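Close look at the chain arrangement
Now for the letters of each chain:
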Amino acid sequence: MTTSSAPVILGVESSCDETGFGIVSEGTLLGQGLASSASQHAEFGGVVPEIAARAHLEAAVPTLQIALADAGVELGDISHVAVTSGPGLATAVHVGLAAAKSIAWSLDVPLYGVHHLAGHAAADTLEHGPLPERSIVLIVSGGHTSILAVGDLVRDPIEHLGDTLDDAAGEAFDKVSRLLGLGYPGGPAISRAAVGGDPAAFSFPRAMMRPGDDPFTFSFSGLKTSVARTVEALERAGEEVPVSDIAASFEQAVVDVLVAKSVRAVTERGLDTLVIVGGVAANARLREVARRRCDAEGIDLRIPPPRLCTDNGAMIAAVGDLLVRSGAEPSGLRIAADPSAVLHGAQLPLLR
Ligand SMILES: Nc1ncnc2c1ncn2[C@@H]1O[C@H](COP(=O)(O)OP(=O)(O)OP(=O)(O)O)[C@@H](O)[C@H]1O
Ligand SMILES: [Mg+2]
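Residue numbers restart at each chain and count upward from 1, following the sequence in its written direction. For this description, chains carry letters from A and ligands carry numbers from 1, given in the order in which they are written. Two thresholds apply to this predicted model, a pLDDT of at least 70 for residue-level local features and 80 or more for giving and counting side-chain atom pairs, whereas whole-chain, interface and lining totals are computed over all residues. Side-chain calculation: all heavy atoms of the structure are included, whereas hydrogens and water are not.

1. Some points on the sheet that holds strand S9 (residues 273-277)
- An order of S8-S7-S6-S9-S10 is seen for the five strands of this open sheet, with the pairing classed as mixed. Across the chains shown, the open sheet's two edge strands, defined by having one partner strand only, are strand S8 (159-163) and strand S10 (300-302). Along the sheet, successive strands turn relative to each other by an average axial angle of 20 degrees, direction set aside.
- Here six bridges tie strand S6 (residues 135-140) to strand S7 (residues 145-150), and the two strands are oriented antiparallel to one another. Opposite Ile139, over in S7, you have Ser146 as the bridge partner.
- Of the strands in this sheet, S6, S9 and S10 are in contact with helix H4 (residues 116-128), which crosses S9 at around 115 degrees. Two strands are said to pair when DSSP picks up at least two bridges between them. To qualify as a helix, a DSSP run of H or I must reach at least 4 residues; to qualify as a strand, a run of E must reach at least 2; elements of each kind are numbered from the N terminus. An axis is simply a line fitted to the C-alpha atoms; with a helix, the fit covers only the stretch in contact. Between two such axes, the angle follows the N-to-C directions and lies from 0 to 180 degrees. Only heavy atoms matter for contacts: two residues are in contact if any of them lie within 4.5 Å across the pair.

2. What about the coordination of the magnesium ion (ligand 2)?
- The donor set covers N, O and S atoms within 2.8 Å of the metal, switching to 3.2 Å for Na, K and Ca, and it leaves out water, so a site may look short of donors. Bound to the magnesium ion (ligand 2) on the protein side are His116 (NE2), His120 (NE2) and Asp311 (OD), at distances that span 2.1 to 2.2 Å.
- Think of it this way: with four donors and all angles in the 85 to 135 degree range, the site is tetrahedral; with four or six donors, opposite ones beyond 155 degrees and the rest between 65 and 115, it is square planar or octahedral; otherwise it is irregular. Relative to the metal, the six donor atoms surrounding the magnesium ion (ligand 2) lie at angles of 74 to 175 degrees, and the coordination shape comes out octahedral.
- Written as a sequence motif, the donor residues of the magnesium ion (ligand 2) are H-x3-H-x190-D. Linking His120 in helix H4 with Asp311 in the loop between helix H10 (306-309) and helix H11 (313-325), this pair joins segments that are 191 residues apart in sequence.
- Partly exposed describes any residue whose relative accessible area lies between the buried limit of under 20% and the exposed limit of over 50%, with all areas from a 1.4 Å probe on protein chains only and scaled to the type maximum. His120 sits in the buried class, given a relative accessible area of 1%.
- Residue classification places Asp311 among the buried positions, given a relative accessible area of 11%.

3. Side note on the site of ligand 1
- Residues are counted as near a molecule or strand when any one of their heavy atoms sits within 4 Å of it. As a matter of local geometry, ligand 1 sits amid 21 residues, with Ser141, His144, Asp174, Gly187 and Asp311 nearest to it.
- The term polar contact refers here to a pair of N or O atoms within 3.5 Å; inside protein, the definition further demands a hydrogen-donor-capable atom paired with an acceptor-capable atom, and it admits residues adjacent in sequence only when both atoms are side-chain atoms. A distance of 2.9 Å separates an oxygen atom of ligand 1 from a polar atom in the backbone of Gly187.
- Every accessible area reported is derived by Shrake-Rupley at a probe size of 1.4 Å, with residue values counting cover from the shown protein chains alone. Coverage of ligand 1 by the protein chains reaches 90% of its 640 Å² of free accessible surface.
- Given that more than half its atoms are within 2 Å of the pocket grid, ligand 1 belongs to the largest pocket.
- Here the shell around ligand 1 gets four residues from one element, more than from any other, and that element is helix H6 (residues 186-194).
- Among the residues making up the shell around ligand 1, the classes are represented as six nonpolar, 13 polar and two charged.
- Two domains each provide a minimum of three residues to the shell around ligand 1, namely domain 1 (9-122 + 309-326) and domain 2 (132-303). Computed over the protein atoms alone on a 1 Å grid, cavities are sets of points where a 1.4 Å probe fits but cannot get out and pockets are open sets with protein on both sides within 12 Å along at least five of seven lines; a residue lines them when it has an atom within 4 Å of a point. Think of it this way: if more than half of a molecule's atoms are within 2 Å of a pocket's grid points, that molecule is in the pocket or cavity. Throughout this entry, Asp, Glu, Lys and Arg are counted as charged residues, while Ala, Val, Leu, Ile, Met, Phe, Trp, Tyr, Cys and Pro are counted as nonpolar. The remaining residues, Gly among them, count as polar. Residue ranges for the domains trace back to a domain assignment, done automatically or taken from a database.

4. Re the packing of aromatic side chains
- Paired rings are identified among Phe, Tyr and Trp, the last through its six-membered ring, by centres lying within 6.5 Å, and are further divided according to the angle between planes into stacked (under 30 degrees), edge-to-face (over 60) and tilted (the rest). Here the structure, examined in full by the defined rule, presents three aromatic pairs.
- Relative to Phe204, the ring of Phe202 lies with its centre 5.7 Å away and its plane at 5 degrees, an arrangement referred to as stacked. Side by side, Phe202 and Phe204 carry an identical accessibility label, which is buried.
- The positively charged end of Lys261 is found above the aromatic ring belonging to Phe218, 5.8 Å away from the centroid. Definition used: whenever NZ (Lys) or CZ (Arg) falls within 6 Å of the ring centre and also within 35 degrees of the ring normal, the charge is taken to sit over that ring.

5. Re the sheet that holds strand S5 (residues 111-115)
- As summarised here, the arrangement of the five strands in space is S3-S2-S1-S4-S5, forming an open sheet in which the pairing is mixed. In this open sheet, the two edge strands, each paired with only one partner strand, are strand S3 (28-36) and S5. Taken over all neighbouring pairs, the strand axes of this sheet differ in orientation by 20 degrees on average, direction set aside.
- Judged from the five bridges that link them, strand S1 (residues 9-13) and strand S2 (residues 18-25) form a sheet pairing that is antiparallel. Paired with Gly11 across the bridge in S2 is Gly22.
- Lying on the sheet, H11 is in contact with S1, S2, S3, strand S4 (80-86) and S5; it crosses S1 at an angle near 135 degrees.

6. So, the environment of Val154
- Assignment of secondary structure puts Val154 in the loop between S7 and S8.
- Separated by 115 residues in sequence, Val154 and Ser39 place their C-alpha atoms 34 Å apart.

7. A few points about the domain arrangement of the protein chain
- What the domain assignment lists for the protein chain is domain 1 (9-122 + 309-326) and domain 2 (132-303).
- Between domain 1 and domain 2, the C-alpha centre-to-centre distance is 27 Å.
- In this complex, domain 1 contributes 19 residues to the contact, which on the side of domain 2 involves 17 residues.
- The interface formed by domain 1 and domain 2 contains two residue pairs in polar contact (both at pLDDT 80 or more).
- Of all the secondary-structure elements, those providing two or more residues to the side of domain 1 that touches domain 2 are helix H1 (38-41), H4 and H11.
- Looking at the side of domain 1 that touches domain 2 element by element, the count peaks at five residues for H4.
- Taken together, the residues of the side of domain 1 that touches domain 2 break down into twelve nonpolar, six polar and one charged.

8. Quick notes on the layout of surface pockets
- Its boundaries defined by the atoms lining it, the largest pocket holds a volume of some 960 Å³.
- Taken together, 38 residues line the largest pocket, and the ones lying closest to its centre are Cys16, Ser141, Gly142, Asp174 and Tyr184.
- Those elements that place two or more of their residues in the lining of the largest pocket are H4, helix H5 (169-179) and H6.
- Broken down by element, the lining of the largest pocket gets its largest block of residues, six residues, from H5.
- Here the lining of the largest pocket is composed, by residue class, of 14 nonpolar, 17 polar and seven charged.
- Two domains each provide a minimum of three residues to the lining of the largest pocket, namely domain 1 (9-122 + 309-326) and domain 2 (132-303).
- Within this model, the second largest pocket holds a volume of roughly 330 Å³.
- Lining the second largest pocket are 18 residues, with Thr125, Pro130, Leu131, Leu322 and Arg325 positioned closest to its centre.
- Of all the elements in the fold, those that place two or more residues in the lining of the second largest pocket are H4 and H11.
- Here the lining of the second largest pocket gets four residues from one element, more than from any other, and that element is H11. Grid points are joined across faces, edges and corners, and a volume is the space filled by probe spheres set on the points.

Below, the structure is given as structure tokens:
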């Protein structure tokens, strides 16, 4: 329960193809609204920035209204606004940022520009409560794959133990889905196709897993190429492409690497918590394999429910709520979009 004087934070998300508004107070998600333009991008095989931006404009007000109704609050009850100011598609981020500024200005309340990936991590706190003093966070999303050492999410600098050299895990799902003719977004499509498939039917490469390779760095472009070569070879030979087996084997290859590297980070750092977040964390095989492995290693595994893994406004409100409660300075109305912001901290600085 919240008290009448408790801060009520509105979070605004528009960095890709989801328009999200979420309302959080003192660590509790009060309600949210979410719209997606994914179906409008399907025929192009990936997100078209101009289409995403227009869809955000169309969806913004109705989605905000849904969030307010879901939370049972009035617009005037909002005490702070938090918004994704980067990273993301510039045209898309601008729409949410302009909406958030309009709301903050008209209500005369503080505005915080937050890092989208910190939002993915904060999403977990809405389900499982505050993060422990230190944890390893694996971010696996459409544009990023990183292993992070995290302390207090909004006060401490975020340490990158490793990132991907090329494709993000979600990007690999999207590209492989396209080449198997399964459509966009690729993650859920591959997952569906993989049901009943044999994950050992094809032994696709697990990159950066040899002794001497950086233990926390990822690479997924070779895996995607290997799937493409396999499909080409089958087609050249006039054989039927076993989509289900390929999808399951591809999924298994990604999951094996993600789980092995992130569990290693937890044990090498002497920690006991692994948090897996971002759109790919919705993947059932990843959730199951990580659960099994962490149980065996005595690691506390935290993964948000699937609806909080993919982009949403609640996760941005969650960062705003943490910032407000930690006494952080608001960003103010001058905050600009930073489409390629690197994750060093939860709040994005003014660019100059
Ligand atoms: N069930 C699933 N299995 C695997 N991948 C999934 C699943 N659901 C979604 N994804 C993938 O997650 C990605 C979308 O996640 P998210 O919304 O976090 O990414 P993004 O916001 O586009 O990128 P970023 O957060 O890096 O800016 C897509 O690549 C999608 O294919
Ligand atoms: Mg995202």
